[in-house]
Amino acid sequence: MEIRQLRYFLTVAEELHFGRAAERLHIVQSAVSQQLRRLERELGTELFARSTRVVRLTEAGDRLLPYAREMLALQARAREAIDELRAERAATVRLGTSSGLGARLDALLAAFDRRAGHAQLELVAGSTEERLAKVRAGDLDATLLRGERTDSGLEFLPLWQDALMAALPARHELAARESVELSGLAGMPLRLSPHSRNPALHDLVMRSCREAGFEPVQGPEFTNAQDTLAAIGYGKPSWTVFYAPHADQLPVPGVVFRPLAGPAPVMRAYLAVRTGPPGVGLRALIEACYEAAEDDTPQGPSDGSGADGP
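Numbering of residues starts from 1 in each chain and follows the order in which that chain's sequence is written. Whole-chain, interface and lining totals are the exception, using all residues; otherwise, since this is a predicted model, local features are given only for residues with pLDDT of at least 70 and side-chain atom pairs are given and counted only at 80 or more. Hydrogens and waters are ignored; side-chain quantities use all the structure's heavy atoms.

1. Overview of the packing of helix α5 (residues 103-115) against helix α9 (residues 280-293)
Rule in force here: An axis is simply a line fitted to the C-alpha atoms; with a helix, the fit covers only the stretch in contact. Between two such axes, the angle follows the N-to-C directions and lies from 0 to 180 degrees. Each helix corresponds to a stretch of at least 4 residues labelled H or I by DSSP, and each strand to a stretch of at least 2 residues labelled E; elements are numbered beginning at the N terminus. Each angle gets one of four labels, with under 35 degrees taken as roughly parallel, over 145 as roughly antiparallel, 65 to 115 as roughly perpendicular, and the rest as oblique. Take the far helix as the reference: if the near one is turned anticlockwise from it by less than a right angle, the crossing is left-handed, and if turned clockwise, right-handed. In this analysis, two residues are considered to be in contact whenever any of their non-hydrogen atoms come within 4.5 Å of each other.
Contact pair α5 / α9: the axes reach a minimum separation of 8 Å and the direction vectors enclose 135°. By the criterion of interaxial angle, the relationship of α5 to α9 is oblique. Viewed along their axes, α5 and α9 form a crossing whose handedness is right-handed. Here R104, A107, L108, A111, F112, R114 and R115 of α5 come into contact with α9, specifically with G281, A284, L285, E287, A288, C289, E291, A292 and A293.

The structure is reproduced here in structure tokens:
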């Protein structure tokens, strides 16, 4: 039994006329008759009572009719599902991101390329609030961000953790150590983005300093990586933080990067998505993010210029 034969059967059953059915099907009448005869032979019974004037369904035809409709409807739904899948795979997935993700982003892009078929990944920059607003509005499929938060209508999927490192003058006595106790930085001005620009990082650094027993001296605001690191290297002694290990990829004369201890602050990264089942492209992105998070080595510091930076 072929889908084509069921379609011919249903059309004749609706028209009760072979000629009109053939016109609807855009084929010759003899082809309709031939296929229906084959179907009747396969089923071992006549489906239509034919005469020179009248065509009507037999009892067997009446029995077959609802099943033919159901099977053709199933075929249509199956085709729609495949068409939707093809469209999703060919679509563009828009991901909000910030600068300075480093090797994490490289791993994510490679994993997405392996999983997403023909789908393309478009990276969109902006402040954290701008990116979250675009996810809520459907203008972004997802966004990466750092720091735990809640937001109605959004789901936050935990990904990797990034450790913080101190950037301090190479001439400072602490630069000779393999790691730096936070308490040792108590008297040195801290260059940090304001709370309004990056509340998650600001709160983490301030909380860690207080756990170490001091309130940090606020130095000039962190502007961008180039200017801030130049000021640390050649200006009055000060310090800031970067996510490890990308700091090793920022060779700046006069500046060293050292792991922090006592405590050793780490920042969790998240993928924010709208609630509800993801499409094929977004599902590939989520799986790619989880794959990039499998490496427990902290990676991808911010360069300080974006909303997720120092």
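2. Looking at the layout of surface pockets
Applicable threshold: Both site types are read off a 1 Å grid over the protein atoms alone. A 1.4 Å probe that fits but cannot get out defines a cavity, while an open set with protein on both sides within 12 Å along at least five of seven lines defines a pocket; lining residues have an atom within 4 Å of a point. Grid points are joined across faces, edges and corners, and a volume is the space filled by probe spheres set on the points. Residue classes follow a fixed rule: Ala, Val, Leu, Ile, Met, Phe, Trp, Tyr, Cys and Pro count as nonpolar, while Asp, Glu, Lys and Arg count as charged, and any other residue, Gly among them, counts as polar.
Estimated volume of the largest pocket: approximately 340 Å³. What lines the largest pocket is a set of 22 residues, and nearest its centre among them are R146, G147, N198, P199 and A200. With five residues, the single largest contributor to the lining of the largest pocket is helix α7 (residues 199-211). Considered class by class, the residues forming the lining of the largest pocket number eight nonpolar, five polar and nine charged.

3. Section: unusual backbone geometry
Across the chain, the bulk of peptide bonds are trans and the bulk of non-glycine residues have phi less than zero. Here is the rule: Think of it in three bands: residues with accessible area under 20% of the maximum for their type are buried, residues over 50% are exposed, and the middle band is partly exposed, with areas taken using a 1.4 Å probe on protein chains only.
The step from G262 to P263 runs through a cis peptide bond, and the omega angle for that step is 5°. The phi angle at L16 is positive, at roughly 50°, despite the residue not being glycine. Position of L16 among the secondary structure elements: in the loop between α1 (3-15) and α2 (18-25). Assessed through its relative accessible area of 37%, L16 is described here as partly exposed.

4. Quick word on the nonpolar core
Selection criterion: For our purposes a nonpolar core is just a set of buried Ala, Val, Leu, Ile, Met, Phe, Trp, Tyr and Cys residues, chained together by side-chain atoms within 4.5 Å.
With 26 residues, the main nonpolar core has L108, F112, L144, W160, L271 and L285 as its most contacted residues. Listed by contribution, the elements that provide at least two residues to this core are β3 (92-96), α5, β5 (142-146), β6 (154-169), β10 (266-274) and α9. Element by element, the count of residues in this core is highest for α9, at eight residues. Within the second largest apolar cluster, 23 residues are counted, among which are L182, L201, C209 and A212.

5. Considering a nonpolar patch on the surface
Heads up, the condition is: Each patch is built from residues that are more than 30% exposed by relative accessible area and take part in no salt bridge. Like charges join if they lie within 9 Å; nonpolar side chains (Val, Leu, Ile, Met, Phe, Trp, Tyr) join within 5 Å. Accessible surface is estimated by sampling points in the Shrake-Rupley manner with a 1.4 Å probe; for residues, cover comes only from the protein chains shown. Between Lys or Arg on one side and Asp or Glu on the other, a salt bridge is scored when a side-chain nitrogen of the former is within 4 Å of a carboxyl oxygen of the latter.
A contiguous nonpolar surface patch, about 250 Å² in accessible area, is contributed by M1, L43 and M71. For L43, the location among the structural elements is in helix α3 (residues 29-43). Taking the relative accessible area as the measure of exposure, L43 reaches 34% and is therefore partly exposed.

6. Some words on α9
This is how the line gets drawn: Every helix has an expected span of 1.5 Å times one less than the residues it contains.
Between its first and last C-alpha atoms α9 spans 20 Å; for 14 residues at 1.5 Å apiece the expected length is 20 Å, and the two agree. Along α9, the positions that sit buried rather than exposed are G281, L282, A284, L285, I286, A288, C289, A292 and A293. Check the buried side of α9 and you find it contacts β3, α5, β4 (120-124), β5, β6 and β10.

7. Let's talk about the pairing of strand β9 (residues 255-261)
For the record, the criterion: Paired strands, in this sense, are two strands between which DSSP finds at least two bridges.
Extensive coverage of β9 is indicated by the burial of five of its seven residues. Pairing analysis gives five bridges linking β6 to β9, with the strands arranged antiparallel. The residue of β9 that forms the bridge with P169 is V255. As paired elements, strand β7 (residues 180-181) and β9 share two bridges and run parallel to each other. Within β9, the residue paired with E181 across the bridge is A261.

8. Side note on the environment of V280
With respect to the helices and strands, V280 occurs in helix α9. When its relative accessible area of 22% is taken as the criterion, V280 is described as partly exposed. For the pair formed by V280 and G117, sequence separation is 163 residues and the distance between their alpha carbons is 9.8 Å.

Any link to function would need more than the numbers given here.
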